[in-house]
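For reference, the chains in residue letters:
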Amino acid sequence: MAQQPVEMILIRQWAAHLASSVWLMDAAGNLLYYNEPAEEILGLRFDEAGEIHADDLTELFHASNLDGSPLANDELPVVKALLSQVPTHGQVRIRNRIGEWRHIEVTALPVVAAENNLLGVIAIFWEISQ
């Protein structure tokens, strides 16, 4: 993977020390990092995840609306924030990599540097009770 901007490196370092689940992707939609609390929800360790692209998220984690109805990939808050470059918030249901259904709430923020240069997206998420 190419060298990341210092802002993304610092966000990754910051996320590694949080108790909140954090997902970080670059401007091209490639996964850069998710922290240990996110591993618990996703059912997959980051170092075992391999390459994940924004286009594959609903298939990889079987994402849907809370009522179980289909959710298009571009309706996921993290993908919406990437495409629209505006903060996005929502609730989704995912089946993690070990087969458990999780209801999560997600706030996704575009990471924009000087001169409106999009660097990527950070998503903070947590489980909600249904």
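Located above this text is the structure these notes cover.
These figures come from a predicted structure and were not determined experimentally.

Novice: Give a description of the overall build of the protein chain that names residues and reports values.
Specialist: In terms of regular secondary structure, the protein chain is built from 5 helices and 5 strands. In sequence order, the protein chain lays out its α and β elements as α-β-β-α-α-α-α-β-β-β. Its C-alpha atoms give the protein chain a radius of gyration of 14 Å, within 12% of the compact-globule value 14 Å for 130 residues. With the C-alpha coordinates aligned to their principal axes, the bounding extent of the protein chain is approximately 40 × 30 × 25 Å. Taking all 130 residues of the protein chain together, the buried fraction comes to 49%. Contacts spanning at least 24 positions in sequence make up 45% of the contacts within the protein chain whose residues lie at least 6 apart. In the structure as shown, the protein chain presents an accessible area of about 7,100 Å², 50% of it carried by carbon and sulfur atoms.

Novice: I'd like a rundown of the packing of aromatic side chains, residues and numbers included.
Specialist: Using the criterion set out here, one finds 4 aromatic pairs in the structure. Summarising the aromatic geometry, the rings of Trp23 and Phe61 are spaced 6.5 Å apart at their centres and angled 80° between planes, so their arrangement reads as edge-to-face. On the criterion of sequence distance, the pair formed by Trp23 in strand 1 (residues 21–26) and Phe61 in helix 4 (residues 57–61) is long-range, its members being 38 residues apart. The same class applies to Trp23 as to Phe61, namely buried. Centroid distance Tyr34 to Phe46: 5.4 Å. Interplanar angle 80°. Geometry classified as edge-to-face. One end of the pair, Tyr34, is in strand 2 (residues 31–34); the other, Phe46, is in helix 3 (residues 46–49), with 12 residues separating them in the sequence. An aromatic cluster is built from Trp23, Tyr33, Tyr34, Phe46 and Phe61, whose rings are joined through pairwise contacts. Directly above the ring of Trp101 sits Arg93, whose terminal nitrogen or CZ lies 3.8 Å from the centroid.

Novice: So what about the pairing of strand 4 (residues 101–113)? Which residues, and what values?
Specialist: Where strand 3 (residues 88–95) and strand 4 come together, 8 bridges link them in antiparallel fashion. The partner of Arg93 across the bridge, within strand 4, is His103. Counted along the chain from strand 3 to the antiparallel partner strand 4, the turn is 5 residues long, and its residue Gly99 has a positive phi close to 90°. Sheet analysis places strand 4 next to strand 5 (residues 117–127), joined by 10 bridges and oriented antiparallel. By the bridge assignment, Val112 is partnered in strand 5 with Leu118. Count of turn residues in the strand 4/strand 5 antiparallel hairpin: 3 residues, of which Glu115 carries a positive phi of about 60°.

Novice: Please give an account of unusual backbone geometry that cites residues and values.
Specialist: Only a minority of non-glycine residues have a phi that is not negative, and only a minority of peptide bonds are not trans. One non-glycine residue with positive phi stands out, namely Gln85, at about 60°. Of note, Gln85 is situated in the loop between helix 5 (77–84) and strand 3. Taking the relative accessible area as the measure of exposure, Gln85 reaches 41% and is therefore partly exposed.

Novice: Describe in detail the environment of Pro37, supporting the description with residues and values.
Specialist: With respect to the helices and strands, the residue Pro37 is situated in helix 2 (residues 36–42). Here Pro37 falls in the buried class, since its relative accessible area comes to 18%. A C-alpha to C-alpha distance of 18 Å links Pro37 and Val121, two positions 84 residues apart in sequence. Not counting residues within four places of it along the chain, the set of residues in contact with Pro37 comprises Leu18, Ala19, Ser20 and Ser21.

Basis of the calculations
- Residues numbered from 1 in each chain as written.
- Predicted model: local features only at pLDDT ≥ 70, side-chain atom pairs only at ≥ 80, totals over all residues.
- Heavy atoms only, no water.
- Helix = DSSP H or I, 4+ residues; strand = E, 2+ residues; numbered from the N terminus.
- Rg over C-alpha atoms; globule rule 2.2 N^0.38 Å.
- Buried < 20%, exposed > 50% of the residue type's maximum accessible area, 1.4 Å probe, protein only.
- Contact = heavy atoms within 4.5 Å.
- Areas by Shrake-Rupley, 256 points an atom, 1.4 Å probe, with all protein chains shown as cover.
- Phe/Tyr/Trp six-rings, centres within 6.5 Å; stacked < 30°, edge-to-face > 60°.
- Lys NZ or Arg CZ within 6 Å of the ring centre and 35° of its normal.
- Pairing = 2+ DSSP bridges.

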